[in-house]
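Per-entry structural report
Each chain, letter by letter, is given below.
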Amino acid sequence: MATPDAPAEAPRTSNINVRRGEALVVVDHVDKHYGDLHVLKDINTVVNRGEVVVVIGPSGSGKSTLCRAINRLETIDGGSITIDGVPLPEEGKALATLRADVGMVFQSFNLFAHKTVLENVTLGPIKVRGLKKKDAEEKAMQLLDRVGVANQAKKMPSQLSGGQQQRVAIARSLAMNPKLILMDEPTSALDPEMINEVLDVMIGLASEGMTMIVVTHEMGFARKAADRVLFMADGAIVEEATPEEFFTNPQSGRAKDFLSKILDH
């Protein structure tokens, strides 16, 4: 959350006091088209080390495209994205290194169906980081315990509930010691009773200082865990503010309309 001495009016990034560190992700004048559709329009934002940024907005606003562009699952047509001072690589070994440093949690879990929970979490550290199997398994069990599914380690993903699978996906991401975790609608595929168990893990990560960019419809999470909210509509960042400012005093008509529709239900 913003510190108590943060300025009262902070629609711009530069006015917001965040908890830690220097810039980790810099998105500079980014554009993206799908044919004639302009899905990202001159996107500019900075995410600082240790900051939790929540991206919200109506469907089709470009939120997921932005999230996926940050680890180059989507290419961009203009502008630049740097992570820890390094521009996103085009392909090859440098891109693999980037993907190892930037964790991604998808709405559909994306676990390997033919591998056990433990194997899902240890695969990256063994193959990419070069950890010995014993060390990788020890660390994986610690992470599975941390997200509350250590007792499921020998099961296959299909034997787990959606909430359990998503918590395994988060553990798998953490196993790589990422600099940053991107989460693209991590609770949208879950039954309502499973959402809180995943949100609790996410809130715990936020409190520990993990840098996160989270695309979500969960306004409670945004209010509780975010340092900053980016509100997107029609491919652009319309508003950028602390959660308190955004939810109590949105500046744009587009944000006011969005909030009136979701907070009244």
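Residues numbered from 1 in each chain as written. Predicted model: local features only at pLDDT ≥ 70, side-chain atom pairs only at ≥ 80, totals over all residues. Heavy atoms only, no water.

Considerations on the overall build of the chain
- Within the chain, the regular secondary structure consists of nine helices and ten strands.
- At 18 Å, the chain has a C-alpha radius of gyration in line with the 18 Å of a compact globule built from 265 residues.
- Along the longest, intermediate and shortest principal axes, the C-alpha atoms of the chain span 55 × 40 × 40 Å.
- A total of 265 residues make up the chain; the buried ones form 52% of that total.
- Restricting the contact set of the chain to residue pairs at least 6 apart, pairs at least 24 apart contribute 68%.
- Each charge sign in the chain was given a centre, from 30 positive and 35 negative side chains, and these centres are 7 Å apart. (Helix = DSSP H or I, 4+ residues; strand = E, 2+ residues; numbered from the N terminus. Rg over C-alpha atoms; globule rule 2.2 N^0.38 Å. Buried < 20%, exposed > 50% of the residue type's maximum accessible area, 1.4 Å probe, protein only. Contact = heavy atoms within 4.5 Å. Lys, Arg positive; Asp, Glu negative; His and termini not counted. Charge placed at Lys NZ, Arg CZ, Asp CG, Glu CD.)

Quick word on the nonpolar core
- Ranked by size, the top nonpolar core spans 50 residues in total, and within it Ile-56, Leu-144, Ile-170, Met-183, Met-212 and Phe-246 carry the most contacts.
- Here this core gets eight residues from one element, more than from any other, and that element is helix H6 (residues 192-207).
- Residue contacts for Ile-170: discarding those within four places in its chain leaves Val-105, Met-183, Val-198, Val-201, Met-202 and Leu-205.
- Core analysis: the second largest hydrophobic core is formed by 27 residues, Ile-43, Cys-67, Leu-95 and Leu-98 among them. (Core = buried A, V, L, I, M, F, W, Y, C linked by side-chain atoms within 4.5 Å.)

Focus on the packing of helix H3 (residues 117-127) against helix H4 (residues 133-146)
- Between H3 and H4, the shortest axis-to-axis distance is 9 Å and the interhelical angle comes to 125°. As judged from the angle between their axes, H3 and H4 are oblique. In the crossing of H3 with H4, the sense of the turn from one axis to the other is right-handed. Contacts between H3 and H4 involve Val-117, Leu-118, Val-121, Thr-122, Pro-125 and Ile-126 on the former and, on the latter, Lys-133, Ala-136, Glu-137, Ala-140, Met-141 and Leu-144. (Axes fitted to C-alpha atoms, helices over the stretch in contact; angles between N-to-C directions. Parallel < 35°, antiparallel > 145°, perpendicular 65-115°, else oblique. Left-handed = near helix turned anticlockwise from the far one by under 90°.)

Quick notes on the sheet that holds strand S9 (residues 228-233)
- Ordered in space as S6-S7-S8-S3-S9-S10, the six strands form an open sheet in which the pairing is mixed. For this open sheet the edge positions go to strand S6 (102-105) and strand S10 (236-241), each flanked by a neighbour on one side alone. Neighbour-to-neighbour, the strand axes of this sheet turn through a mean angle of 20°, independent of strand direction.
- Here strand S3 (residues 52-56) pairs with strand S8 (residues 212-215) via four bridges, running parallel. (Pairing = 2+ DSSP bridges.)

Digging into the UniProt feature "domain: ABC transporter" (unreviewed entry) in the chain
- In this structure's numbering, the residues bearing the UniProt feature "domain: ABC transporter" (unreviewed entry) are residues 25-259.
- Taken end to end, residues 25-259 has its terminal C-alpha atoms 27 Å apart, with 39% of it in helix and 26% in strand. (UniProt positions renumbered as here; feature names shortened; annotations may be inferred.)

A look at the environment of Val-198
- Structurally, Val-198 can be placed in helix H6.
- Leaving out residues up to four positions away in the same chain, Val-198 has contacts with Gly-163, Gln-166, Arg-167, Ile-170, Thr-187 and Leu-190.

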